[in-house]
Amino acid sequence: MSATLSLSLSEARRLALSAQGFVGRATSAAVKPQRLNQMIERLGVLQIDSVNALVRSHYLPLFSRLGNYSAELLEQAAWGSGRRRTLFEYWGHEASLLPQSVYPLLRWRMRRAAQGEGIYGQLARFGREQQSVIRRVLQTVREQGAVGAGALATREERAGPWWDWSAEKHALEWLFAAGEVTVAGRRGFERLYDLPERVLPSALLEHPELDEAEAQRQLLLRSATALGVATEKDLRDYYRLEAADSQARLAELVESGELLPAQVQGWRQPAYCLGELKIPRKVSANALLSPFDSLIWERARTERLFDFRYRLEIYTPQHKRVYGYYVLPFLHNERLAARVDLRAERAHGRLAVHAVHEEERGLDDEGMAALSLNLLSMAHWLGLDEVAITCKRPGTLRLKAALAGL
């Protein structure tokens, strides 16, 4: 076994930020499809979320790293035709957009799903008990092409809340998990399902199947590439592997020398990383982060790396919220230095700042100016005319002055 590497916390932080694409991020040049795809390949996964208080979450990580880019580039990569489509939807880290290169690494998960493993709750029960509905829905997809669940629903009663799925929706989601249908496109935010052979390249579907162990090893290596340095739980969480699978594969990767053990200052658990580390001397990045950004989605890791406790308060009653409804952490240089409660008020053509909460060390004048520039850039990217401060917290008063100075 290789000797254990020793990393300071600041080295681990810079390694993680570099791995996540925050080194040399934005330029004045227009972002081309190749650059966008390179960034997604580097991250390995973009989590999809339906909340649209600002913009749907899968668009934000690319803005945080690349600056002003055309959202149409991501839409073409995700749901475009022919060679423009470079991504696919599946369960990666929750519902996700993933590079097509990851598709062969998830076939085992689809196979398990078809066998009733790895699907939980009502969907697993539906798969066991409603195969006749599943076969009927699959035949309809074969005959009609890309369809949404709403077009197939046969029940007469009115649907309840969003989780009150029809039998056809359950069938489509089961087929999607099993890899027998995929997402051909979206109508608004509604998935349109079709057969994989009508959506994805034949070479991808004909790729020789990897055994589970090899696929899981490759997913862990991708996780390590995207995270820089990480504990076993961090690596496992990136593609939501099961603990027993992750621990077995990690031991094999360490034994083969493909991952190296490391000890990070202040971390109780051992960490792992790829060999030949390239740790930047400093990372001078400024970015507003989606609540579902891969830099921060594993909350315990975020606390270990940045001493930043972060919880999403969307589902918290308003009177119990500490920071706000849709709060974006602000990365300044190598710190998560503030939290900004933002809303895109499209009817008024403005990006509304409902609150700024600085961390204990706060933002100096340079940091506040950087936050102002990020907000102006975000407003421009979203097609909004102005940044509007809607509260009088001390942080927002300083921000208002910084915006006026620009």
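Everything quoted here is computed from the prediction, not taken from an experiment.

A. Structural detail: the nonpolar core. Leu342, Leu371 and Met378 are the most contacted members of the largest nonpolar core, which has 108 residues in total. Dropping the residues within four chain positions of it, Leu342 is found in contact with Leu54, Leu288, Tyr326, Leu328, Leu351, Ala352, Val353, Leu375 and Met378. The next biggest cluster of nonpolar side chains, apart from the first, holds 24 residues, and it includes Ala262, Trp267, Ala271 and Leu336.

B. Focus on a nonpolar patch on the surface. A cluster of nonpolar residues, Leu373, Leu376 and Leu406, forms a patch on the protein surface that exposes about 280 Å² of accessible area. Structurally, Leu376 can be placed in helix α15 (residues 365–381). You can call Leu376 partly exposed: its relative accessible area is 35%.

C. Spotlight on empty space enclosed by the protein. The full count for this structure, using the stated rule, is 2 cavities of 30 Å³ or more. In this structure, the largest cavity occupies an estimated 50 Å³ of space. Leu227, Asp234, Asp237, Tyr238, Ser294, Leu295, Ile296, Trp297, Glu298, Arg301 and Thr302 together form the lining of the largest cavity. Elements that contribute at least two residues to the lining of the largest cavity include exactly α12 (232–238) and α14 (299–306). In terms of residue count, the dominant contributor to the lining of the largest cavity is α12 (3 residues). Classifying every residue of the lining of the largest cavity by side-chain character gives 5 nonpolar, 2 polar and 4 charged.

D. View of the layout of surface pockets. Estimates place the volume of the second largest pocket at around 280 Å³. Lining the second largest pocket are Leu9, Arg13, Leu305, Phe306, Asp307, Phe308, Glu334, Arg335, Leu336, Glu359, Glu360 and Arg361. When contributions to the lining of the second largest pocket are tallied by element, the ones reaching two or more residues are α1 (9–19), α14 and β12 (335–345). Among the residues making up the lining of the second largest pocket, the classes are represented as 5 nonpolar, no polar and 7 charged.

E. Molecular detail of the side chain of Asp293. With respect to the secondary-structure elements, Asp293 resides in the loop between β10 (286–288) and α14. Polar contacts involving the side chain of Asp293 include one to the side chain of Arg65, which spans 2.8 Å.

F. Spatial organisation of the environment of Ser223. On the secondary structure map, Ser223 appears in helix α11 (residues 212–227). Accessibility expressed as a relative area gives 1% for Ser223, which makes it buried. Residues Ser223 and Gly44, 179 residues apart in the sequence, show an inter-C-alpha distance of 7.7 Å.

G. Looking closely at the domain arrangement of the protein chain. Parsing the protein chain into structural domains produces domain 1 (1–30 + 212–279), domain 2 (103–206) and domain 3 (285–405). Each of domain 1 and domain 2 has a C-alpha centre, and these two points are 33 Å apart. Between domain 1 and domain 2, the contact holds 11 residues from the first and 7 residues from the second. Around 780 Å² of area is buried between domain 1 and domain 2 when both sides are counted, 51% of it from carbon and sulfur atoms. In this structure, Asp245 and Arg112 form a salt bridge, with 3.1 Å as the shortest nitrogen-oxygen distance. Between the two partners, domain 1 and domain 2, sit 4 residue pairs in polar contact (both at pLDDT 80 or more). With 6 residues, the top contributor of residues to the side of domain 1 that touches domain 2 is α11. Residue classes in the side of domain 1 that touches domain 2 are distributed as 4 nonpolar, 2 polar and 5 charged.

H. Examining the sheet that holds strand β8 (residues 260–264) more closely. Overall, mixed pairing links the 4 strands, which are arranged β1-β8-β9-β7 in an open sheet. The sheet terminates laterally at β1 (5–7) and β7 (230–231), the two strands that pair on one side only. As judged from the 3 bridges shared by β1 and β8, these two strands associate in the parallel manner. Bridging across to β8, Leu7 finds its partner in Val264.

I. Structural view of the sheet that holds strand β2 (residues 46–47). With antiparallel pairing, the 3 strands of this open sheet are ordered in space as β2-β4-β3. Strands with a single pairing partner mark the edges of an open sheet, and in this sheet they are β2 and β3 (87–92). Strand direction decides the pairing type here: β2 and strand β4 (residues 94–99), joined by 2 bridges, are antiparallel. Note on β4: the bridge partner recorded for Leu46 is Leu97.

J. Broad picture of helix α13 (residues 243–256). For α13, which comprises 14 residues, the first-to-last C-alpha distance of 20 Å matches the rise-based estimate of 20 Å (1.5 Å per residue) to within 8%. Taken residue by residue, α13 has Asp245, Ser246, Arg249, Leu250, Leu253 and Val254 as its buried positions. Burial along α13 is one-sided: seen end-on, the buried residues are contained in an arc of 155°. Those residues of α13 that are exposed and aimed more than 90 degrees away from the buried face are Ala244 and Glu255. Of the surrounding secondary structure, the elements contacted by the buried residues of α13 are α5 (107–114), α11, α12, β8 and β9 (271–273). Where α13 terminates, the next one or two residues include Gly257, which has phi positive at roughly 85°.

Each value, and the rule that gives it
- Residues numbered from 1 in each chain as written.
- Predicted model: local features only at pLDDT ≥ 70, side-chain atom pairs only at ≥ 80, totals over all residues.
- Heavy atoms only, no water.
- Core = buried A, V, L, I, M, F, W, Y, C linked by side-chain atoms within 4.5 Å.
- Buried < 20%, exposed > 50% of the residue type's maximum accessible area, 1.4 Å probe, protein only.
- Contact = heavy atoms within 4.5 Å.
- Patch = residues over 30% accessible without salt bridge, like charges linked within 9 Å, V, L, I, M, F, W, Y side chains within 5 Å.
- Areas by Shrake-Rupley, 256 points an atom, 1.4 Å probe, with all protein chains shown as cover.
- Salt bridge = Lys/Arg side-chain N within 4 Å of Asp/Glu carboxyl O.
- Helix = DSSP H or I, 4+ residues; strand = E, 2+ residues; numbered from the N terminus.
- 1 Å grid on protein atoms, 1.4 Å probe; cavity = no way out; pocket = protein on both sides within 12 Å on 5 of 7 lines; lining within 4 Å.
- Points joined across faces, edges and corners; volume = space filled by probe spheres on them.
- Nonpolar A, V, L, I, M, F, W, Y, C, P; charged D, E, K, R; others polar.
- Polar contact = N/O pair within 3.5 Å; in protein donor to acceptor, adjacent residues only side chain to side chain.
- Domains from an automatic or database assignment.
- Buried area = accessible area lost by both parts, 1.4 Å probe.
- Pairing = 2+ DSSP bridges.
- Expected span 1.5 Å × (residues − 1).
- Arc of directions from axis to C-beta.

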